[in-house]
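# Working through the structure, step by step
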Amino acid sequence: SISRAKNARFAVPTWKLVSDGKEYIWTSKLDRVTIIRKGIPYESIDVISKRINLPIKEVLTIFGLPQTTYNKKRREHSLLNGRDSEVVLLITELLDFGIEVFNNETEKFQRWMKKENASLGGNSPESLLDSVTGIQEVKNCLNRIEFGNFA
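Residues numbered from 1 in each chain as written. Predicted model: local features only at pLDDT ≥ 70, side-chain atom pairs only at ≥ 80, totals over all residues. Heavy atoms only, no water.

### Quick look at the packing of aromatic side chains
Inspection of the entire model under this criterion finds four aromatic pairs. Judged by centre distance (6.3 Å) and plane angle (25°), the rings of Trp-15 and Trp-26 are stacked. Highlighted residues: Trp-15 in strand E2 (residues 13-19) and Trp-26 in strand E3 (residues 22-26), separated in sequence by eleven residues. According to the relative accessible area criterion, Trp-15 is buried, its value standing at 11%. According to the relative accessible area criterion, Trp-26 is buried, its value standing at 0%. Where Phe-109 meets Trp-112, the ring centres are 6.1 Å apart and the plane angle is 20°; that geometry is what we call stacked. On the criterion of helical spacing, the pair formed by Phe-109 and Trp-112 is a turn pair, its members being three residues apart in helix H6 (residues 106-114). The rings of Phe-102, Phe-109 and Trp-112 are connected pair by pair, giving a single aromatic cluster. (Phe/Tyr/Trp six-rings, centres within 6.5 Å; stacked < 30°, edge-to-face > 60°. Helix = DSSP H or I, 4+ residues; strand = E, 2+ residues; numbered from the N terminus. Buried < 20%, exposed > 50% of the residue type's maximum accessible area, 1.4 Å probe, protein only.)

### A short note on the pattern of salt bridges
Any two side chains of opposite charge can pair, so long as their charged atoms come close to each other. Under the criterion given, the structure shown has nine salt bridges. Salt bridges sharing partners connect three or more residues here, namely Glu-43, Asp-46, Lys-50 and Arg-74. (Salt bridge = Lys/Arg side-chain N within 4 Å of Asp/Glu carboxyl O.)

### Regarding unusual backbone geometry
Working note: non-glycine residues mostly have negative phi, and peptide bonds are mostly trans. Phi is positive for Asp-20, which is not a glycine, with a value near 55°. Here Asp-20 lies in the loop between E2 and E3. The exposure class assigned to Asp-20 is partly exposed, which follows from its relative accessible area of 21%.

### Observations regarding the environment of Pro-125
Residue placement: Pro-125 occurs in the loop between H6 and helix H7 (132-146). Taking C-alpha positions, Pro-125 is 12 Å from Ile-62, a pair spaced 63 residues apart along the chain. Dropping the residues within four chain positions of it, Pro-125 is found in contact with Trp-112, Met-113, Lys-115, Leu-120 and Val-138. (Contact = heavy atoms within 4.5 Å.)

### Details of the nonpolar core
One recurring pattern in soluble globular proteins is that nonpolar side chains are buried together. By size, the foremost hydrophobic cluster in this structure holds 42 residues, and its most contacted members are Ile-45, Trp-112 and Leu-142. If you list the elements that add at least two residues to this core, you get E2, E3, helix H1 (29-38), helix H2 (43-52), helix H3 (56-63), helix H5 (82-101), H6 and H7. The element that contributes the greatest number of residues to this core is H5, accounting for ten residues. Apart from the residues lying within four places of it in its own chain, the contact partners of Ile-45 are Ile-56, Val-59, Leu-60, Phe-63, Leu-65, Tyr-70, Leu-80 and Val-88. (Core = buried A, V, L, I, M, F, W, Y, C linked by side-chain atoms within 4.5 Å.)

### Observations regarding the confidence of the model for the protein chain
Low-pLDDT stretches of the model should not have their predicted coordinates read in fine detail. Averaged over every residue, the pLDDT of the protein chain is 91; residues scoring 70 or more account for 91%. Mean pLDDT in the protein chain bottoms out at strand E1 (residues 2-6), which sits at 48, and peaks at helix H4 (residues 67-75), which reaches 97. (pLDDT = per-residue confidence, 0-100.)

### As for H6
Along H6, the positions that sit buried rather than exposed are Phe-109, Gln-110, Trp-112 and Met-113. All buried residues of H6 fall inside an arc of 160° around its axis, so they share one side. Looking at the packing, one finds that the buried side of H6 touches H2, H5 and H7. (Arc of directions from axis to C-beta.)

Shown next, in the form of C-alpha cells:
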C-alpha cells in the first residue's frame, strides 16, 4: 500500500510504499535517492497497478518489461534497477498528490488520469508516466488544477 501523511508539527510530506513485506518511507529527495540506490522490489509495480487502477500489463509497458520477466523477478523477490525504482517512487508521489488535489476522490482522479488533456498535448496523464519528464508534466498539470487554473 502507498500513503502520504503530513507530520502535523512541521507539515513535512511523508511518502510510504509497502512492497514485498518491506516499508519504504521518504520525506525528501535525498531520502528518495537513498531508496533508489538500494532498489525496491518488483512487486511495487503491482502496488502501482492497483493504486492507479490499470491492468498490470499496461503498467509493465511503462517500465518496458515483458510479463514473463516481471513474473520471474517478482517470484525471486528481485529489486528494480535505479531508473525503475525512481519511476515507482515518483509515481507514488504523483498519485498521492493527485488524490489530494481531487479531495481524496480516488475514482475521480483515476478517471482524470485516463482522459486526454489539452494542457498535456492531448495526451492522457497516465500515458506520460513512462518518463521522469512526463511524470513532472502531469504533476505541473495537477498544480494548475490545485490553484484553479483548470487543465
